[in-house]
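One-letter residues, chain by chain:
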Amino acid sequence: MSSTILLQAIINGLLLAGIYMIVSLGLNLIYGVMRIVNYSQGELLMFGMYFSYWLFVLTGINTYLSIPIVCGILFILGALLHMYIVEPLLKLPYQSQVVTFVGLIYSLQYTALLLWSPNYRNVIIEFASKSIRLSVITIPLGRLLAALISFFSALFLYIFLKKTTLGLFIRATSQDPVAALMLGIDIKKVRILTFAIGSALMGIGAGIMLPLYYVYPFIGTYYTIIALIIITLGGLGNFLGTIIGSIIIGLVEAVFGTFINVEIALAIAFLVFIFLLIVRPTGILGE
Amino acid sequence: MEKKGTSPLIFLFIAILIASIIPILSPPYYVLHIVTVSLLFAYLCTSWALVGGYAGQVSLGHSAFVGIGAYLTAIILYRFKLSLLLGVSLGILTAIGIALVLGYACFKFGVRGPYFTFSTMALAEILYMLVISRREITGGALGIVVPVEALRKLPINPKIACYYIILFMFLAVVFLARKIQYSKLGYYLVAIREDEEAAEACGINVLKYKLLALCLSSALTALGGVFYAIYYGYITPDGVLSLSLSFQIATTSLVGGAKIWFGPALGALLVIPFTEITRSLLGGTFIGVPLLLYGILLVIVARVAPNGIYEIFSKYFVKEEERG
């Protein structure tokens, strides 16, 4: 009996990991290239969810199908944010970066509050709320689809980074900006592109999360923290590490959440995180 | 050294004079409330600056210490019906204990910069989750009442009593911050903030002084939490343990100027009355406008005055550093 519950918890954890993965990859990409922690990543996700919500309400486009549109909007928003706010920050001390990103958090949260009120909103998609039964375990279709889309986006991003010239530029800038500059790479443009892609990934997160969760103006900070933990676990800037990190956190949350409760599960995850920061600050896969 | 302007101390004395007679003028309750909350934030921000500004270790989890002070007081008073003094001392001791453990672990093993920030955020989140899940002790997400019998027995209005208490706490912490800034400890912390390796090479015990700054800051913050609990009489995890409280303490402090003793107080006394007053004036649908403006202000200040808005005012003041 308890082994089926455990199996179910593991499945739930893996599916949850898919959602965490996409948010963390965006944060990680930005950190990898610019060595800057975008504390307002979750707020971009929140904006993406609202865009996705309004597209659904106003035009009836399914949130999964509207992912490219929302990604496009967030891509432009990210590029603008980078050019006018983030780029000048790169030369400033860490304290000023924190102030700016917290400023961005407040600006985005309260803009959303003004525009869309504090009400919890969600989108009901018929097939996403169904689930399939495999003998003793249940797999919710919405979560399965979310995990699959997230996984294939990660794969696509990985191929983009490894196989294309632009991806090569991004990796080069991430490894050594000065050398990249000397080799003729326009690192300013690479940074804009990176921040824009990091933001656009939140569009994918938004599309897969909206059928599963409610959206409200203050949903973002929680995902930022989870993502920070995940990318630190995997090693800041490390792509594969982020994927492993999200699986660990997803499993911890689902398994301990099933057997104790979700709050204690998260408290344990945070405690493990502090412990890992201390004994292995470079993360599981870091050098 | 010739005086180039007026010392900030003179402004402070005038401010104290005005502040101490406010309750005598019997202002509307809500004016007194705004001044009290502003002073509480000025107190919390100055406490934060001891570690975040002086030592340069940016914590985005100071609500953890506010929460420890507030919740331990509330639990001691409400669940166990014991004395306030016990709550205060237990709150402060627990805060110091937790700061020692976290600080020692982080500083000993070179967790700094963003990594230190993450670990403080995680600490606050752990406490938040624990408070939410231990409903039978903490009241869970709904919060807990803080019955303060001692305050009701006083001959004066409890709100006025609270006002004088926080005024005293604020003045004490500002003078302490000033004292530390121009002491050996203060100079050690600046050296550590600017270059840890160089400080270590000069023979400064970096671990010891960073820990000292963190413990001092968290103990003072926990005391602020105790005041919060007593003043509001009711606390919730979203009020005292939320990340948004941590953000507000840290950014208000940095906006004012966390590297100088009067900076955080300046920031809090400018920002908090503004947000509180606009919030009550606008109300309704526009309740978010003050914080939206605050967010924009943060983005601008970080760019034009990275050391804080005190820089803009500082040309009117004597450069205290030059006095030697």
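What you see is a predicted model; the values in this text were computed from it and never measured.

K.L.:
Please explain the overall build of chain A as it appears in this structure.
P.N.:
Helices and strands together make up the secondary structure of chain A, namely 11 helices and 2 strands. In chain A, the order of α-helices and β-strands from amino to carboxyl end is α-α-α-α-β-β-α-α-α-α-α-α-α. Relative to the compact-globule value of 19 Å for 287 residues, chain A shows a C-alpha radius of gyration of 19 Å, a close match. When the backbone C-alpha atoms are referred to their principal axes, chain A occupies close to 60 × 50 × 35 Å.

K.L.:
Sorry, what's going on with the interface of chain B and chain A here?
P.N.:
Where the parts come together, the accessible area they lose is often given as the size of the interface. Facing 46 residues of chain B, the contacting portion of chain A comprises 39 residues. The largest share of the area that chain B buries against chain A comes from Y115, F118 and M129 of chain B, three residues that together contribute 17% of it. Run the count over chain B and chain A and you get 0 salt bridges. Linking chain B with chain A are 3 residue pairs in polar contact (both at pLDDT 80 or more).

K.L.:
Whenever I open this one, the side chain of S242 of chain B confuses me. Can you help?
P.N.:
Residue placement: S242 of chain B occurs in the loop between helix 12 (237-240) and helix 13 (243-256). On the basis of relative accessible area, S242 of chain B is assigned to the buried category, the value being 10%.

K.L.:
What am I meant to see in the pattern of salt bridges here?
P.N.:
Residue and element names in this part refer to chain B. Counting across every chain of the model gives 7 salt bridges over all chains. We note a salt bridge from E196 to K210, for which the minimum N-O separation is 2.9 Å. Taken together, the positions of E196 in helix 10 (residues 196-201) and K210 in helix 11 (residues 206-232) put the pair 14 residues apart, joining distant regions of the chain. No difference in accessibility class separates E196 from K210, as the two residues are buried. It is possible to trace a salt-bridge network through shared partners that takes in R112, E196, E197 and K210.

K.L.:
Would you mind showing me how to read the nonpolar core here?
P.N.:
What tends to happen in soluble globular proteins is that the nonpolar side chains get buried as a cluster. Counting 211 residues, the largest nonpolar core has Y39 and I170 of chain A together with I235 and W261 of chain B as its most contacted members. Top contributing element to this core by residue count: helix 2 (residues 29-54) of chain B, with 15 residues. If near-sequence neighbours (up to four positions away) are discounted, I170 of chain A is found in contact with L29, V33, F160, L161, V190, L193, T194 and I197 of chain A.

K.L.:
Would you explain a nonpolar patch on the surface in this entry?
P.N.:
Where nonpolar side chains cluster on the molecular surface, the patch consists of L114 and L115 of chain A together with Y29, Y30, V31, I277, L281, L282 and F286 of chain B and spans about 850 Å² of accessible area. Elements that contribute at least two residues to the nonpolar patch include exactly helix 4 (94-116) of chain A together with helix 2 and helix 14 (263-282) of chain B. One can find Y29 of chain B in helix 2.

K.L.:
I keep staring at helix 5 (residues 114-133) of chain B and nothing clicks. Help me out?
P.N.:
Along an α-helix, a turn takes 3.6 residues, which lines up residues three or four apart on a common side. Its 20 residues place the ends of helix 5 of chain B 28 Å apart at the C-alpha level, agreeing with the 28 Å of an ideal helix rising 1.5 Å per residue. Judged by how many residues are buried, helix 5 of chain B sits mostly within the fold: 19 of 20 residues are covered.

K.L.:
Just checking my understanding: could you explain the confidence of the model for chain B for this structure?
P.N.:
A low pLDDT score tells you not to read the predicted coordinates there in detail. All names here are of chain B. Here chain B averages 86 in pLDDT, and 94% of its residues register 70 or above. Element-level mean pLDDT values for chain B span from 73 in helix 7 (residues 149-152) up to 94 in helix 11. Our summary of model confidence lists the complex with pTM equal to 0.90 and ipTM equal to 0.88.

K.L.:
Whenever I open this one, the pairing of strand 2 (residues 137-140) of chain A confuses me. Can you help?
P.N.:
Side-chain direction in a regular strand flips from residue to residue, so the side chains alternate between the two faces of the sheet. Residue and element names in this part refer to chain A. Covered by surrounding structure in strand 2 are I137 and I139 only, the residues T138 and P140 on the alternate face being uncovered. Sheet topology places strand 1 (residues 131-134) next to strand 2; 4 bridges connect them, and they run antiparallel. Pairing of I132 across the sheet is with I139, part of strand 2. The loop that links strand 1 with its antiparallel partner strand 2 comprises 2 residues; one of these, S135, has a positive phi angle of about 45°.

K.L.:
It is not clear to me how the side chain of S246 of chain A should be interpreted in this structure. Could you clarify?
P.N.:
All names here are of chain A. Position of S246 among the secondary structure elements: in helix 10 (residues 239-259). Residue classification places S246 among the buried positions, given a relative accessible area of 0%. Within the structure, the side chain of S246 is placed 3.0 Å from the backbone oxygen of I243, a separation counted as a polar contact. Every residue in contact with S246, bar those within four places of it in the chain, is listed here: A17, Y20, M21 and I230.

K.L.:
Explanation requested: the packing of helix 2 (residues 41-59) of chain A against helix 9 (residues 220-234) of chain A in the structure shown.
P.N.:
To describe two helices that pack against each other, one gives the angle between their axes and the distance between the axes. All names here are of chain A. For the pair helix 2 and helix 9, the least separation of the axes is 7 Å and the interaxial angle reads 130°. By the criterion of interaxial angle, the relationship of helix 2 to helix 9 is oblique. The chirality of how helix 2 crosses helix 9 is right-handed. Here helix 2 contributes Q41, G42, E43 and L45 to the contact with helix 9, which in turn contributes G220, T221, Y223 and T224. A per-class count over the contact of helix 2 with helix 9 returns 2 nonpolar, 5 polar and 1 charged.

K.L.:
Is there a simple way to think about the environment of F107 of chain B in this case?
P.N.:
The topology assignment puts F107 of chain B in helix 4 (residues 84-108). In the structure, F107 of chain B is positioned 101 residues away from K208 of chain B in sequence and 9.1 Å away in space, judged by C-alpha atoms.

K.L.:
Is there a simple way to explain the environment of F168 of chain B in this structure?
P.N.:
All names here are of chain B. Note that F168 resides in helix 8 (residues 158-181). On the accessibility criterion, F168 (61% relative accessible area) is exposed. C-alpha separation for the pair F168 and S20, spaced 148 residues apart in sequence, amounts to 9.6 Å.

K.L.:
Explanation requested: the packing of aromatic side chains in the structure shown.
P.N.:
Each pair of aromatic rings is reported with the distance of its centres and the angle of its planes. One pass over the structure, following the stated rule, counts 25 aromatic pairs over all chains. Ring centres of Y231 of chain B and Y232 of chain B lie 5.2 Å apart, and the angle between their planes is 80°; this geometry places the pair in the edge-to-face category. Under the relative-accessibility criterion, Y232 of chain B is labelled partly exposed at 36%. Ring-pair connections join several aromatic residues into one group, and the members of that group are Y20, Y213, Y222 and Y223 of chain A. In this arrangement the basic side chain of K81 of chain B is found over the ring face of Y78 of chain B, its NZ or CZ atom lying 5.0 Å from the centre.

K.L.:
Where do I start with the packing of helix 13 of chain B against helix 15 (residues 289-304) of chain B in this structure?
P.N.:
All names here are of chain B. With their axes 11 Å apart at the nearest point, helix 13 and helix 15 run at an angle of 45° to one another. One finds that helix 13 runs oblique with respect to helix 15. Taken as a pair, helix 13 and helix 15 cross one another with a handedness that is left-handed. Mapping the contact onto sequence places Q248, T251, T252 and V255 in helix 13 and Y294, L298 and V301 in helix 15. Considering only residue class, the contact of helix 13 with helix 15 consists of 4 nonpolar, 3 polar and no charged.

K.L.:
For this particular structure, what's the right way to read the environment of K159 of chain B?
P.N.:
Residues and elements named next belong to chain B. Along the chain, the position of K159 falls in helix 8. With 115 residues separating them in the primary sequence, K159 and L44 have C-alpha atoms 19 Å apart. Apart from residues no more than four positions distant in its own chain, K159 is found in contact with Y29, L32 and Y231.

Conventions we followed
- Residues numbered from 1 in each chain as written.
- Chains lettered and ligands numbered in written order.
- Predicted model: local features only at pLDDT ≥ 70, side-chain atom pairs only at ≥ 80, totals over all residues.
- Heavy atoms only, no water.
- Helix = DSSP H or I, 4+ residues; strand = E, 2+ residues; numbered from the N terminus.
- Rg over C-alpha atoms; globule rule 2.2 N^0.38 Å.
- Contact = heavy atoms within 4.5 Å.
- Buried area = accessible area lost by both parts, 1.4 Å probe.
- Salt bridge = Lys/Arg side-chain N within 4 Å of Asp/Glu carboxyl O.
- Polar contact = N/O pair within 3.5 Å; in protein donor to acceptor, adjacent residues only side chain to side chain.
- Buried < 20%, exposed > 50% of the residue type's maximum accessible area, 1.4 Å probe, protein only.
- Core = buried A, V, L, I, M, F, W, Y, C linked by side-chain atoms within 4.5 Å.
- Patch = residues over 30% accessible without salt bridge, like charges linked within 9 Å, V, L, I, M, F, W, Y side chains within 5 Å.
- Areas by Shrake-Rupley, 256 points an atom, 1.4 Å probe, with all protein chains shown as cover.
- Expected span 1.5 Å × (residues − 1).
- pLDDT = per-residue confidence, 0-100.
- Pairing = 2+ DSSP bridges.
- Axes fitted to C-alpha atoms, helices over the stretch in contact; angles between N-to-C directions.
- Parallel < 35°, antiparallel > 145°, perpendicular 65-115°, else oblique.
- Left-handed = near helix turned anticlockwise from the far one by under 90°.
- Nonpolar A, V, L, I, M, F, W, Y, C, P; charged D, E, K, R; others polar.
- Phe/Tyr/Trp six-rings, centres within 6.5 Å; stacked < 30°, edge-to-face > 60°.
- Lys NZ or Arg CZ within 6 Å of the ring centre and 35° of its normal.

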